[in-house]
Structures are given as C-alpha cells and as structure tokens.
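Residue strings, one per chain:
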Amino acid sequence: MRANVTKKTLSEGLGLLERVIPSRSSNPLLTALKVESSEAGLTLSGTNLEIDLSCFVPAEVQEPQNFVVPAHLFAQIVRNLGGELVELEITGKELSVRSGGSDFKLQTGDLEAYPPLSFPVAADVSLNAEELSRSFSSVRYAASNEAFQAVFRGIKLEHHGQQARVVASDGYRVAIRDFPANGDGKNLIIPARSVDELIRVLRDGEARFTYGEGMLTVTTDRVRMNLKLLDGDFPDYERVIPKDIKLQVTLPATALKEAVNRVAVLADKNANNRVEFLVSEGKLRLAAEGDYGRAQDTLDVVQGGSEPAMSLAFNARHVMDALGPIEGEAELLFSGSTSPAIFRASGGGGYMAVMVTLRV
C-alpha cells in the first residue's frame with residue numbers, strides 16, 4: 001500500500017482520534033489506531049470502550065491495505081514532519097512515513113487482534129450539526145464532574161415535536177437550551193465527556209442519529225461515533241424553574257460579566273465565591289467581601305416587576321458560567337431572595353440558566 005495525503009488533513013484526523021484513544025492501557029490494543037484504506041482515502045478508527053470514533057481522510061491510495069499502528073506515536077511523527085505532503089507505505093509489518101527529507105519506520109500491530117468496530121448505516125433522525133454543537137456548548141458547564149449520581153455527569157437530550165432540548169445540571173444549577181428539530185427522536189443522557197468530543201467533531205451539515213441498546217451512533221459526512229449512554233432518571237428540573245417572577249432586570253450581558261469579574265477578585269473563596277446582588281431604583285449593586293477587603297460595583301438596569309427592591313447572593317463563578325452563552329442584553333428574573341433565579345438572553349434565543357441563591 002502507498003498513500004499520499006496532506007499533512008494538514010491527516011493531522012486533523014489524528015487529532016480527533018488522539019483525544020479518544022488512551023495513551024496508556026492495560027490492553028495495549030486500545031492504544032492503537034486502525035487505518036483502513038481505499039482508493040478514495042484513509043479511514044482512521046479507535047476506541048476507549050466508551051467512545052468508538054471513525055474519521056475519513058481524503059488521500060491518493062494505491063494497492064489499498066489495512067493496518068494498525070500506535071496512535072499517539074503515529075500522530076506525534078506526523079505533527080513533526082517538515083513537509084506539507086506525507087507519503088505512507090506498507091512493507092511487510094513496517095509503515096514508512098516520509099515527508100520532505102524525513103523518513104520514519106514504524107512497526108505495525110496485529111490487525112486480526114484489533115477489536116472490531118461497527119457503525120450502523122441507517123439513521124433514525126437527523127439534527128442540524130452546527131445547532132446541536134452550539135446547544136451542547138451552551139449547557140456543558142453545568143454538568144457535574146464529581147456528582148455521586150451518574151446522571152449529573154451527563155447531558156440530557158430531549159425531543160418535543162418540532163423542538164429539541166439539551167439540559168445539564170449539577171444539583172445547584174440547571175442550564176437549558178432549546179433548538180428546532182425534526183423527526184421522532186428519543187430522550188437520552190449522554191456522558192458529558194462524550195459530549196466534549198461530539199462538540200469537537202460536529203461542524204455544518206447534518207448529524208444523523210441511530211439508536212441502539214444503551215448506545216447512540218452519530219454520523220456526519222466525515223465522522224462516525226458510537227457513544228455509550230448513561231442509565232438512570234434525570235432529575236425533574238422543571239420543578240426548580242421559578243414561575244412567580246417578582247422582579248425583572250435587563251442590562252448588557254458584557255457589562256454584568258465584567259462587573260461580576262471585578263468584584264469577585266475579593267470574594268471569599270471559602271464561602272462559595274459569594275457576590276451579593278442588590279436591585280433597587282433602576283440600579284444593580286454588586287458587592288463581595290473576603291479576608292483582604294471589600295469590593296462594590298453599580299450598574300444601571302431596566303427594572304420591572306411587583307417588588308421595588310430585592311437582595312440576593314450567588315456564587316460568582318456560577319454567574320459567569322451562566323452569562324457565558326448570552327450575547328447582547330441579559331434578562332435576570334427573580335422570584336425571591338431564597339428562590340432560584342433565571343438568567344437568559346433578552347428576547348429569547350432558547351437558552352436559560354437557573355441557579356440557586358446563597359443564603360443572604
């Protein structure tokens with residue numbers, strides 16, 4: 001087999017696989033990369049037993065042949081090549097990697113022993129890949145990395161007729177994003193770490209979903225992924241969304257982010273990075289206090305609602321996370337000093353963050 005491929009396209013494909021394939025494993029085969037060749041190009045595949053990933057790389061191939069190589073070593077070699085065109089050639093059990101004046105010889109592995117990876121062809125439903133990636137990115141911050149319940153380490157994907165919703169929660173906050181969708185999709189919970197890889201591979205076009213037993217296959221024009229799903233019931237997040245809004249505040253999201261970031265410098269790190277919000281007479285006063293002093297900042301806001309004033313406190317980092325996906329005007333909805341609050345973009349957009357307040 002001999003193949004010519006550009007360093008850029010090969011590096012991009014290897015970069016996706018590198019994130020999935022472990023660099024160390026008790027099973028050395030899991031650290032390997034499988035390369036299947038055809039006249040159209042190369043298909044790179046790997047697994048960590050939680051995610052199976054396959055990526056197509058266009059190339060000029062003569063006498064196609066499949067082989068297995070150490071994934072991270074192969075990627076490191078390709079990244080460090082000096083030329084822009086890479087020549088791959090299999091001779092016996094050795095892969096030659098040439099570019100410019102460089103020539104690397106890499107031992108190939110046992111192709112027969114490599115675990116078989118299969119990706120369904122038929123799709124059950126299709127979603128806009130760019131919209132799906134944007135929605136996952138909007139809520140990812142709220143998924144827990146340490147929760148005792150596994151479902152908190154996942155992101156729920158729901159389908160409601162012509163609309164889909166992604167939801168993440170760590171028990172203290174909920175992030176929600178709605179987006180248009182067609183088809184009769186299923187509700188499922190995807191591990192947040194798998195979502196991270198999905199975000200990286202989803203670009204434009206369609207993301208085609210195929211449902212399996214405890215498994216989801218996502219297919220795009222260049223990538224195929226098998227994702228293991230989480231079992232369990234996602235918490236009833238709807239019940240924590242406040243319905244009785246007593247005070248509403250609107251202001252530029254960027255101005256609020258900058259002000260919270262300023263006062264949070266002096267927030268007590270041992271007291272949940274506490275920042276106090278005091279709304280009164282069209283002003284929002286932010287205050288934080290710690291061992292080294294106090295900070296205060298005041299912003300002009302558009303205020304509405306039945307309550308003339310209200311004092312609340314939040315974790316500054318949670319506020320910054322919640323404001324991250326909001327552009328333009330931010331709308332803050334308060335139902336009481338001890339009730340959860342809603343942060344969302346003014347005028348809609350499908351995104352909403354719900355946060356518990358700290359004790360005032």
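The following paragraphs examine the structure supplied in this document.

Procedures and definitions
Residues numbered from 1 in each chain as written. Predicted model: local features only at pLDDT ≥ 70, side-chain atom pairs only at ≥ 80, totals over all residues. Heavy atoms only, no water. Phe/Tyr/Trp six-rings, centres within 6.5 Å; stacked < 30°, edge-to-face > 60°. Buried < 20%, exposed > 50% of the residue type's maximum accessible area, 1.4 Å probe, protein only. Helix = DSSP H or I, 4+ residues; strand = E, 2+ residues; numbered from the N terminus. Pairing = 2+ DSSP bridges. Salt bridge = Lys/Arg side-chain N within 4 Å of Asp/Glu carboxyl O. Axes fitted to C-alpha atoms, helices over the stretch in contact; angles between N-to-C directions. Contact = heavy atoms within 4.5 Å.

Taken as a whole and judged by the stated rule, the model has five aromatic pairs. In this structure an aromatic cluster arises from ring pairing among Phe277, Phe314, Phe334 and Phe343.

Across the seven residues of strand 3 (residues 41–47), seven count as buried, placing the element largely inside the fold. The pairing of strand 2 (residues 32–38) with strand 3 spans five bridges and is antiparallel. Looking at the pairing, Ser37 lines up with Leu42 of strand 3. Between strand 2 and strand 3, which pair antiparallel one after the other, the connecting turn spans two residues. In this structure, strand 3 lies alongside strand 4 (residues 51–58), joined through seven bridges in antiparallel fashion. Across the sheet, residue Thr43 finds its bridge partner in strand 4, namely Phe56.

On to the pattern of salt bridges, then. In the structure shown here, the tally under the stated rule is 25 salt bridges. Among the ionic pairs, Glu238 bridges to Arg165, the shortest N-O distance being 3.1 Å. With a gap of 73 residues between them, Glu238 in the loop between strand 17 (223–228) and strand 18 (247–252) and Arg165 in strand 12 (residues 163–169) connect regions that are remote in the sequence. A residue is classified by how much of its surface remains accessible, and Glu238, at 37% relative accessible area, is partly exposed.

Strands sit in the order 14-11-12-13-26-25-24-18-22 across an open sheet of nine strands; the sheet is antiparallel. Sheet topology places strand 14 (188–191) and strand 22 (302–304) at the edges, where each strand pairs with a single neighbour. Pairwise comparison of adjacent strand axes, ignoring direction, gives a mean angle of 20 degrees for this sheet. In this structure, strand 25 (residues 341–345) lies alongside strand 26 (residues 351–355), joined through four bridges in antiparallel fashion. Residue pairing in the sheet places Phe343 in a bridge with Ala353 of strand 26. Sitting on the sheet, helix 3 (residues 129–139) is in contact with strand 11 (154–160), strand 12, strand 13 (173–180), strand 14 and strand 26, with an inclination near 165 degrees to strand 13. Docked against the sheet, helix 4 (residues 192–201) engages strand 11 and strand 14, running at close to 80 degrees with respect to strand 14.

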